[in-house]
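Analysis of the macromolecular model
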Amino acid sequence: MPQTFSRQQFLRAAALLAAGLAAPAFAAADTYPSRAIKLVVPFAPGGNTDVVARLVGQGLAEALGQPVVVENVPGANGAIGASRVAAAANDGYTLLFGTAGTQAINPSLYRNLSEKSLDDFEYIALVTSIPNVLVVNEARTPVRSVAELVSHARERRSGMSYGSPGVGSTVHLSGELLKSAARLDLVHAPYKGSAPALSDLIGGQIDFIFENITPALPFIQSGKLKALAVTSAERLPQLPQVPTMKESGFPSFVTATWNGVLAPKGTPRSVVQRLEAATLKVASSPEFKARVAALGGEPRLLGSAAFRDFTRTEFRHWAGIIQAAGLEKQ
């Protein structure tokens, strides 16, 4: 005969089943992290992304009570490192220190990526924004404003060059944005990093760069390079005398790289929330803000949901610039 259950027995069994299903989630929240966490930086050591990542990693280690090991996996404008994290185990022990390049630009530049690749990650928190600064070597390019640079480029008609640390960087695309907005004939000179690009600018081999403010600031302060404009929405405290591109006649010209922490898709929600709280705590500390300001950056804090929405807005922004520049997918 089939066995029958009273309503009370049924409810008790259902409660036990629900408790059993919920146990792994509670266990993940209670025990995470129980070992070292890997934070992948998808660029070479020494750049602003690497420097900020190490600040975040140190803070997370203190907040979570476990070591955070930074691993540099450069290549393809950060796509190699980002892809490695997307394919990693979704247990919260492999994280990505993502940028505008890896999350918002690369899906429009690489054939094996698309807007769908934005869903390969769980978004933890956005922590910084680092604008670019338009710099020239006055010995080669004798201008003192963006208007003079545009006039100089038009007088030369063709051949004026701008450098970048690589195709697809915000530095490269800022140059392309000026090219299309001012209708200039410019030549892009990609380098393998900021250091050689700035070296050639100082040496008079190229005409200008929209460089991240972090590596450019020392050369501006020493007088080796002239800053014409910053690409932030407002003037920067580090360069209060330098106008924005908006003030210089380009009202929609706002570009910046940014940094945030991400995890592989499917990472337990309890782990995401633990990481989100810890990351925002680190990034809101006076020590972190002071270090980022010294690099020329600006703390920008967004939690998980806001960071995800921000990334989609940034994807559309950069996709429009890439389309206007006529860049083909690689």
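Presented here is an overview of the structure given in this document. (Residues numbered from 1 in each chain as written. Predicted model: local features only at pLDDT ≥ 70, side-chain atom pairs only at ≥ 80, totals over all residues. Heavy atoms only, no water.)

What follows covers the overall build of the protein chain. Scanning the protein chain for helices and strands turns up eleven helices and ten strands. When the backbone C-alpha atoms are referred to their principal axes, the protein chain occupies close to 95 × 40 × 30 Å. The proportion of buried residues among the 330 residues of the protein chain is 50%. Residue pairs at least 24 apart in sequence account for 76% of intrachain contacts in the protein chain once pairs closer than 6 positions are excluded. Side chains of the protein chain carry 31 positive and 25 negative charges; the gap between the two charge centres is 3 Å. (Helix = DSSP H or I, 4+ residues; strand = E, 2+ residues; numbered from the N terminus. Buried < 20%, exposed > 50% of the residue type's maximum accessible area, 1.4 Å probe, protein only. Contact = heavy atoms within 4.5 Å. Lys, Arg positive; Asp, Glu negative; His and termini not counted. Charge placed at Lys NZ, Arg CZ, Asp CG, Glu CD.)

Turning our eyes to something else, we now look at the pattern of salt bridges. Applying the stated criterion across every chain yields a total of ten salt bridges. In this structure, the salt-bridge partner of E115 is R312, at a minimum N-O distance of 3.8 Å. Taken as a pair, E115 in the loop between α4 (100–105) and β4 (121–136) and R312 in helix α11 (residues 304–325) lie far apart in primary sequence, 197 residues in all. The partly exposed category is assigned to E115, whose relative accessible area is 36%. The salt bridge partner of D207 is R156, with a shortest N-O separation of 3.1 Å. Separated by 51 residues along the polypeptide, D207 in the loop between α7 (194–202) and β7 (208–212) and R156 in helix α5 (residues 146–156) bring together distant segments of the chain. What makes D207 buried here is its relative accessible area of 0%. Its relative accessible area of 32% is what places R156 among the partly exposed residues. (Salt bridge = Lys/Arg side-chain N within 4 Å of Asp/Glu carboxyl O.)

In this structure, G204 sits in the loop between α7 and β7. A sequence separation of 67 residues divides G204 from N137, and the C-alpha atoms of the two residues are 6.8 Å apart. When sequence neighbours within four positions are dropped, the list of residues in contact with G204 reads N137 and R140.

Bear in mind that shape data such as this cannot, by itself, settle questions of function.
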